[in-house]
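# Structural overview
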Amino acid sequence: MNPAERIADLRARIRHHEERYFVLASPEISDAEFDALMRELQALEHQHPDLVTPDSPTRRVGGRPAEGFATVEHVVPLLSLDNTYSEDELRSFDDRVRRGLAEPPARPIPYVTELKIDGLSIALTYEDGVLVRGVTRGDGVRGEDVTANVRTIRAIPLSLRRDHRPTPTGAIEVRGEVYLPRQAFERLNREREEHDAPLFANPRNAAAGAMRNLDPGAAARRGLSAYIYQLVARGDEPWPTHAETLEALQAWGLPIEPNWRRCAGMDEVIDYCREWAEGRQALAFDTDGVVVKVDSLVWRERLGATSKFPRWATAFKFPAQQATTRLLRIEVNVGRTGAVTPYAVLEPVRLSGSTIQMATLHNEQEVARRDIRPGDFVVVEKGGDVIPKIVMPVLGRREPDLAPWVMPTTCPACGSWLHRPEGEVVWRCLNTACPAKVRRSIEHFASRRAMNIDGLGEAVIDQLVTRELVRDAADLYRLTADQIEALERMGQKSAAKLIAQIEHSKTSDLSRLLYGLGIRHVGERGAAALARTFGSIDALLAASRDDVERVPDIGPVVASTLRAYLDEPGNRGLIDRLRAAGVNMTTAQPAPSFVEGSAAGGSALQGKTFVLTGTLAGTSREEATAAIEARGGKVSGSVSRKTSFVVAGDEPGSKLEKARELGVPILDEEAFRQLIMER
Ligand code: IVH
């Protein structure tokens, strides 16, 4: 095979596996095998730059528009959908469709039903099968050109398959929805929480934020996906139905949500809507309804559209997952950091498949602001799979003289006075020995992402704390098999297993220990950065607040809470006792260098922060990152004064300008390679 043939072959294989992975969710090869194909293609394209094409899978992340996004006029405006809220309204829609057809058929009207994906609409243009443009809905008439971001969404093919007749030739516009899978949304919010960044309210907002990000790298990292549901008609489609359109789109390699269905008439449409009103919780994405579409393309043409909606489709909105019940009382919960927060105890009520008896209430001010009183009837709502919340009290049903709720002044677990620092909304219990706090902090210490002590669950911890066998994490390491065996529902075997797990946790890396200590604002990533930088707890104890603040990913707030934590004698005592118990206090990846100056024998990259921008011809971003990290360096997503080097590949983005502005040293690919080779 000559290089051109091999390149074509690799691209076809990569696209095939991207489709298996991102569109059909059934991969055939491992990630490593996939990466190997990608690396081979990158290397070949590097040697033969004349063979690089814009639809090559290596070109997903490229340049970005310099000044915001250009606006683009839609050739055919993006309409919206009329909504339907009940089965009666669905039947009226069916009647309207019949009336709208000059010769209404005697038999039921065939429809296609699809899940309504809760994301943001996107219009994609392919020219002769190659993706050339992606535009947001905007106001329906004009949208923003977000092509660079769209190209990073791996469910969206950069070129269409040509092995299905008719092949996609000329200009084709398809429309669909870009969305953030629930899992990616939860991961994103977890990371934001660790960084004290404001959380996204729902996946749609997070997806919209990513699409409007001027840095395609940032959009790529968020893990967006997409489904296509429409081909903008050119009038030359050889098939007569929307169902066949969906099949053709799928055959071209476009992602089609697989749960769509042909329905012989409105009865079957209603069955579909009922099924998914219940079944939607199990989906990997958020959906807020069903889109019902007339299947015949000829009839669609005949029905036409109003200025706002097509007459051939409607969106059936799922009934709000709400119920009314009585708020029995408000109790407070004591968290690991001592935060005392109210929650509602409800008269149990059924709500979309489960029984609800509790709801969050956030904080004292929220309860007052929304005037929620114990004894009220309240409307509760379930959004996605999160904890239910109270929408509002039903004031019309409030009994006279119902007293407002009063926040307790003492801790329900230990009785000490609660404190609320100036300017904060949360009351806290400051007693370090408070049993509720101890319970929660042990739970956190033992959790999977911290010291990972399997078998040390809530029920066991509860007994250990109640029997005063454990007052802090260090006490875990003094437990004997006999003590554990004496607990309820514990046998000899499970006790021995738990002891072994506790013993094993002593070897955990410093990053897990730091996270497990539950220091306010120090999340998993922060703990990893601290461990990597300081290498041992002693180096960290000896570090000044400024030293800590210089660690990439650590801000001033984290630096001061961490310093305050380490200066507290009680916490020092805990660390000393953990050490005495034999708990590992170092990291496997030694690092300290840039805090104390360059360590002798350390790598040139030790403790340095790199920002990568543009495409590196000879290596993938993942490889470059791995090479940097293996040498004790770190890769960050944005340029700041803390950045040691910016590595600029082909078509670098705004990060390069920012680096120039801040005077951060810039390496081209060759210089970067040499630096890597040095060590
Ligand atoms: S068809 C003429 N199908 O819902 C409009 N829309 O409320 C054709 N949406 O702007 C739209 N899933 O962004 C259609 N399976 C689906 C959809 C869907 C989500 C969105 C779309 C549209 C909005 C209308």
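The following refers to the structure shown. This one's a predicted model, so the numbers in the text were calculated from it and none came from an experiment.

So, how was this worked out
- Residues numbered from 1 in each chain as written.
- Predicted model: local features only at pLDDT ≥ 70, side-chain atom pairs only at ≥ 80, totals over all residues.
- Heavy atoms only, no water.
- Helix = DSSP H or I, 4+ residues; strand = E, 2+ residues; numbered from the N terminus.
- Buried < 20%, exposed > 50% of the residue type's maximum accessible area, 1.4 Å probe, protein only.
- Contact = heavy atoms within 4.5 Å.
- Areas by Shrake-Rupley, 256 points an atom, 1.4 Å probe, with all protein chains shown as cover.
- Lys, Arg positive; Asp, Glu negative; His and termini not counted.
- Charge placed at Lys NZ, Arg CZ, Asp CG, Glu CD.
- Core = buried A, V, L, I, M, F, W, Y, C linked by side-chain atoms within 4.5 Å.
- Axes fitted to C-alpha atoms, helices over the stretch in contact; angles between N-to-C directions.
- Left-handed = near helix turned anticlockwise from the far one by under 90°.
- Nonpolar A, V, L, I, M, F, W, Y, C, P; charged D, E, K, R; others polar.
- Near = heavy atom within 4 Å.
- Polar contact = N/O pair within 3.5 Å; in protein donor to acceptor, adjacent residues only side chain to side chain.
- Pairing = 2+ DSSP bridges.
- Arc of directions from axis to C-beta.

Before going further, it helps to examine the overall build of the protein chain. From N to C terminus, the protein chain includes 24 helices and 22 strands. With the principal axes as the frame, the protein chain shows a C-alpha extent of 85 × 80 × 50 Å. Evaluated residue by residue, the protein chain yields a buried proportion of 47% over its 679 residues. Taking the contacts inside the protein chain whose residues are at least 6 apart along the sequence as the reference set, 66% of them involve residues at least 24 apart. When the accessible surface of the protein chain is split by element, carbon and sulfur atoms take 51% of a total near 32700 Å². Separation between the mean location of the 89 positive side-chain charges and that of the 96 negative ones in the protein chain comes to 2 Å.

Counting 54 residues, the largest nonpolar core has I453, L456, L476, L530 and L578 as the members making the most contacts within it. Residue assignment for this core shows that the elements contributing at least two residues are α12 (435–446), α13 (458–466), α15 (492–505), α16 (510–516), α17 (524–534), α18 (537–542), α20 (556–567) and α21 (569–580). When sequence neighbours within four positions are dropped, the list of residues in contact with L476 reads I442, F445, I453, L456, L464, V470 and I502. Within the second largest apolar cluster, 40 residues are counted, among which are F69, V112, L246 and L254.

Two measures define how a pair of helices packs: the angle their axes make with one another and the distance between the axes. Their axes nearest at 10 Å, the elements helix α1 (residues 3–23) and helix α2 (residues 31–47) cross at an angle of 145°. For the crossing formed where α1 meets α2, the hand is left-handed. Residues P3, R6, I7, L10, R11, R13, I14, H17, E18 and Y21 of α1 pack against D31, F34, L37, M38, E40, L41, L44 and E45 of α2. Split by residue class, the contact of α1 with α2 holds 10 nonpolar, 1 polar and 7 charged.

Now for the site of the ligand. Around the ligand, a shell composed of 14 residues is seen, among which E114, I117, E177, Y229 and K293 lie nearest. In this structure, E114 approaches the ligand through a side-chain N or O atom, which is 2.8 Å from a nitrogen atom. Interatomic distance of 3.1 Å between a side-chain N/O atom of Y229 and an oxygen atom of the ligand. Bound to the protein, the ligand loses 90% of the 520 Å² it would expose on its own. Taken together, the elements giving at least two residues each to the shell around the ligand come down to β3 (111–117), β8 (225–231) and β10 (287–294). For the shell around the ligand, a count of residues per class yields 7 nonpolar, 2 polar and 5 charged.

Quick look at the sheet that holds strand β5 (residues 130–136) now. What the 4 strands build is an open sheet, ordered β5-β4-β7-β8; its pairing is antiparallel. Only two strands of the sheet have a single partner each, and these edge strands are β5 and β8. The mean inter-strand angle of the sheet, taken between neighbouring strand axes irrespective of direction, is 35°. Pairing of strand β4 (residues 120–127) with strand β7 (residues 171–179), which is carried by 8 bridges, proceeds in the antiparallel orientation. Bridged to S121 within β7 is E177.

Helix α9 (residues 266–279) packs onto helix α3 (residues 87–100) with a crossing angle of 145° between their chain directions and a minimal axis gap of 10 Å. When you trace α3 past α9, the crossing you get is right-handed. Between α3 and α9, the residues in contact are E87, L90, R91, F93 and D94 and M266, D267, I270, C273 and R274, respectively. Partitioned by chemical class, the residues of the contact of α3 with α9 number 5 nonpolar, no polar and 5 charged.

Since the α-helix turns once every 3.6 residues, residues separated by three or four places project in the same direction. Within the sequence span of helix α22 (residues 621–630), burial applies to A624, T625, A627 and I628. One face of α22 carries all of its buried residues, which in axial projection span an arc of 160°. Facing away from the buried surface of α22 by more than 90 degrees, the exposed residues are E622 and A630. At the exit of α22 stands G632, carrying a positive phi of roughly 85°.

Bringing unusual backbone geometry into the picture now. Across the chain, the bulk of peptide bonds are trans and the bulk of non-glycine residues have phi less than zero. Cis geometry marks the peptide bond from R165 to P166, where omega comes out at -10°. Note on placement: P166 falls in the loop between α4 (147–150) and β7. If you check the backbone angles, D401 has positive phi at about 65° while not being a glycine. Phi is positive for R489, which is not a glycine, with a value near 50°. Here R489 lies in the loop between α14 (481–485) and α15.

Attention now moves to the sheet that holds β10. Read from one edge to the other, the open sheet built from 5 strands follows the order β2-β11-β10-β3-β9, with strand pairing classed as mixed. The sheet is open, and its two edges are formed by β2 (83–84) and β9 (261–263), each paired on a single side. The strands touched by α3 are β2, β3, β10 and β11 (313–317); relative to β11, the strand with the most contacts, the crossing angle is about 175°. Along the sheet, α9 contacts β3, β9, β10 and β11; its crossing angle with β3, the most-contacted strand, is approximately 20°.

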